[in-house]
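# Understanding the architecture of this molecule
As a plain string of letters, each chain reads:
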Amino acid sequence: MADDSEETLVKYSKDASIFEIRPRLVLYPLDSDDVVNLVEWVSKSKEKYPDLSITARCAGTDMSGGAIGESIILDFTRYMNKMVTFDGDRITVEPGMLYRDFEKLTLAKGLILPCYTASKSMNAMGGMFGNNSAGEKTLKYGKAEDYVLESKVVFADAVERTVKPFPVSEISSAQEIYKKVYDLIKGNEEEIKNAKPNVHKNSAGYYIWNIIKNNIFDLNKLLVGSQGTLGIATQITFKLVPVAKSSKLAVIFMRDLEPLGRLVGEILAEKPEALEAYDDKTLWLAIKFFREFLKNKGFFGMVKFFWSFLPEFKMMLRGGFPKLVLLVEFAGEDGEELNCKCEKLIERIKNFQVEVYITKDRNETSKYWDIRRESFNLLRKHIKGKRTAPFIDDIIVRPEFLPKFLPELNRILGEYKLIYTIAGHAGDGNFHIIPLMDFSRPGVPRVINELSEKVYDLVLRYHGSITAEHNDGLVRTPYLKKMFGERIVSVFAEVKRIFDPKNIFNPGKKVPVENGPGTKDYISSHLALEHHARHGV
Ligand SMILES: Cc1cc2nc3c(=O)[nH]c(=O)nc-3n(C[C@H](O)[C@H](O)[C@H](O)COP(=O)(O)OP(=O)(O)OC[C@H]3O[C@@H](n4cnc5c(N)ncnc54)[C@H](O)[C@@H]3O)c2cc1C
């Protein structure tokens, strides 16, 4: 099905990023044959119509501009959203299945995909594949790349291939595209090894590091997180893990951020399942706007909700609002064991000037998780006159660098009179900084450019990555050279040429197009001037 109505083109010109780009047409494939036929036609017609391209899209919650493009948008959520098979701990789905529907199926069998995101109420499985998504459980369980067992992908030659791991010894009898990737990696082995970001998780660049591992060749490791620039996934098989029987949440309120780095180190020593954070501004927003979530809970539900903020109010009375809230979750089979872990944690951090609150029940626990997961959405929907500007939204450094890194980051942010919130995955050293900006003011592109340069320079001085999970898209592709250097960026360009020589798949993401998408000028000239939550996801 095809749609080029004004309303549809306006809707699809946005994702959750700072950009607005109007496509020419939106298509809704019914099955993989539709995808194959489209790729064949675009490939054949590219010479005649050089601007033709395909941007795969699922729920459009991408924060990097990865799900928008100037030509054809291929939306999988309308029809290609079904489960294909569910066998033990393996589940195969079409890319357009929403995570929230997927989770219902897996939880019914006591299983979960542990790399679920904070956007799990909105996003879809193809987007998790496309972005190599991660979330609160990544600290213990890893990212999407660790859970994709197999995929079906339509390549640029309009052939749908089943991509699965095989022994490296079989490479000589593999298809041409596999051999070319193998040769490229072998030809740059040392440089690739040296360029691997030394962080807990990375979404920047093509993941050339993990394709060959333990004598296994797995192209999924490259396709996951490639933002639909190398091929289009039509089916994905995920591995699931059992859901832990019980969990316990310790909430740590910090009035002073200075000891954060050391504190994170101490907490990690207790091996929590998750270690997340949100700042005072996020907490205020939650208290102010969370009524929305409780609309259907009635008067007593509201009272109960405000009552649940008692720990925070008490803290305020004792001497101020917390600057940062840390959520430390322990999970396991035995409730008693979890209580012990919480006690050990309290003992371990007793010399820090923090308050610790252990949640009493599931309701209280989910309040804290809701605030953490909804932090970005609260901002996007509620701030008048300004809009959320995710452009330095996903930096990561190893946690041991945090004590030095964070004060320097604060100093840079302090140079600009910005309001911003910070939330994120403190255990991984991954912070989401979301400034609020009035995009109608003339200086905005300059600030975005300057801050990106300064913050990324700092991140790279601490051997970090410019994106841990939100990926490169339009907003970070211009900075890949800064992060990886000329040689590795040319390897990325070669990867793109091997898979997509005519540049028909999502151009300008991961590899820039000269004077086009993926350049700094393109960022400045394609900012969405209106508040996007009205039209976007
Ligand atoms: C409030 C909020 C919170 C978020 N929290 C997190 C978080 O905790 N962790 C995290 O990792 N991300 C987070 N994100 C970013 C985003 O939600 C995730 O990356 C998500 O998994 C994207 O899913 P989607 O279905 O919206 O994909 P889309 O935005 O539609 O697409 C994402 C990318 O995948 C590509 N793609 C889509 N379908 C296919 C396909 N069939 N084949 C190949 N490529 C494809 C697209 O081209 C695009 O580049 C958050 C976003 C928001 C708005």
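Right, let's walk through the structure included here.

About the thresholds
- Residues numbered from 1 in each chain as written.
- Predicted model: local features only at pLDDT ≥ 70, side-chain atom pairs only at ≥ 80, totals over all residues.
- Heavy atoms only, no water.
- Near = heavy atom within 4 Å.
- Polar contact = N/O pair within 3.5 Å; in protein donor to acceptor, adjacent residues only side chain to side chain.
- Areas by Shrake-Rupley, 256 points an atom, 1.4 Å probe, with all protein chains shown as cover.
- Helix = DSSP H or I, 4+ residues; strand = E, 2+ residues; numbered from the N terminus.
- Buried < 20%, exposed > 50% of the residue type's maximum accessible area, 1.4 Å probe, protein only.
- Contact = heavy atoms within 4.5 Å.
- Core = buried A, V, L, I, M, F, W, Y, C linked by side-chain atoms within 4.5 Å.
- Expected span 1.5 Å × (residues − 1).
- Arc of directions from axis to C-beta.
- Pairing = 2+ DSSP bridges.
- Axes fitted to C-alpha atoms, helices over the stretch in contact; angles between N-to-C directions.
- Phe/Tyr/Trp six-rings, centres within 6.5 Å; stacked < 30°, edge-to-face > 60°.
- Lys NZ or Arg CZ within 6 Å of the ring centre and 35° of its normal.

## Section: the site of the ligand
- Close contacts around the ligand come from 36 residues, with Ala56, Cys58, Thr61, Ser119 and Ala134 the closest.
- For the ligand, an oxygen atom lies 2.6 Å from a polar atom in the backbone of Ala56.
- One of the backbone N or O atoms of Cys58 is found 2.7 Å from an oxygen atom in the ligand.
- If the ligand stood free it would expose 980 Å²; the protein chains cover 99% of that surface.
- Per-element accounting of the shell around the ligand gives the leading share, five residues, to helix α4 (residues 125–131).

## Remarks on the environment of Asp218
- Following the sequence through the fold, Asp218 ends up in the loop between β12 (216–217) and α8 (220–223).
- By relative accessible area, Asp218 is classed as buried at 7%.
- On a C-alpha basis, the gap between Asp218 and Phe166 in space is 6.6 Å, while along the polypeptide they are 52 residues apart.
- Setting aside residues no more than four positions away along its own chain, Asp218 makes contact with Lys164, Pro165 and Ile211.
- At a separation of 3.0 Å, a polar atom in the side chain of Asp218 contacts the main-chain amide nitrogen of Asn220.

## Structural notes on the nonpolar core
- Ranked by size, the top nonpolar core spans 119 residues in total, and within it Leu326 and Phe499 carry the most contacts.
- Ranked by residues supplied to this core, first place goes to helix α18 (residues 480–499) with 10 residues.
- Sequence-distant contacts of Phe499, defined by excluding residues within four places in its chain, comprise Phe155, Ala156, Ile177, Val181, Leu219, Leu222, Leu223 and Leu230.

## Concerning helix α15 (residues 402–414)
- For α15, with 13 residues, the first-to-last C-alpha span of 17 Å sits near the 18 Å given by 1.5 Å per residue.
- Within the span of α15, buried status applies to Leu402, Phe405, Leu406, Leu409, Ile412 and Leu413. In a view along the axis of α15, the buried residues occupy a sector of 125 degrees, so they form one face of it.
- Buried residues in α15 make contact with α9 (260–269), β20 (395–396), β21 (419–425), β22 (430–437) and α16 (444–461).

## Remarks on the sheet that holds strand β5 (residues 83–87)
- As summarised here, the arrangement of the five strands in space is β5-β6-β13-β8-β9, forming an open sheet in which the pairing is antiparallel. Across the chains shown, the open sheet's two edge strands, defined by having one partner strand only, are β5 and β9 (160–163). Each adjacent strand pair in this sheet contributes to an overall mean axis angle of 10 degrees, direction not counted.
- The sheet contact formed by strand β8 (residues 148–154) and β9 spans four bridges and is antiparallel. Directly across from Lys152, in β9, lies its bridge partner Thr162.
- Sheet contacts for helix α2 (residues 32–45): β8, β9 and β13 (232–239); angle to β13, the most-contacted strand, approximately 140 degrees.

## Description of the packing of aromatic side chains
- The full count for this structure, using the stated rule, is 15 aromatic pairs.
- Residues Tyr206 and Phe492 carry aromatic rings whose centres are separated by 5.9 Å and whose planes lie at 85 degrees to one another, so their mutual orientation is edge-to-face. Of this pair, Tyr206 sits in the loop between α7 (189–195) and β11 (212–213) while Phe492 sits in helix α18, placing them 286 residues apart in sequence. Both residues of the pair, Tyr206 and Phe492, belong to the buried class.
- Each ring, one from Phe405 and one from Tyr462, has its centre 5.7 Å from the other, and the planes form 80 degrees; the classification is edge-to-face. Here Phe405 is found in helix α15, whereas its partner Tyr462 is found in the loop between α16 and α17 (473–476), with 57 residues between them in sequence. For the pair Phe405 and Tyr462, a shared accessibility class is recorded, and that class is buried.
- Sitting over the ring of Phe86, Lys109 keeps its end group 4.0 Å from the ring centre.

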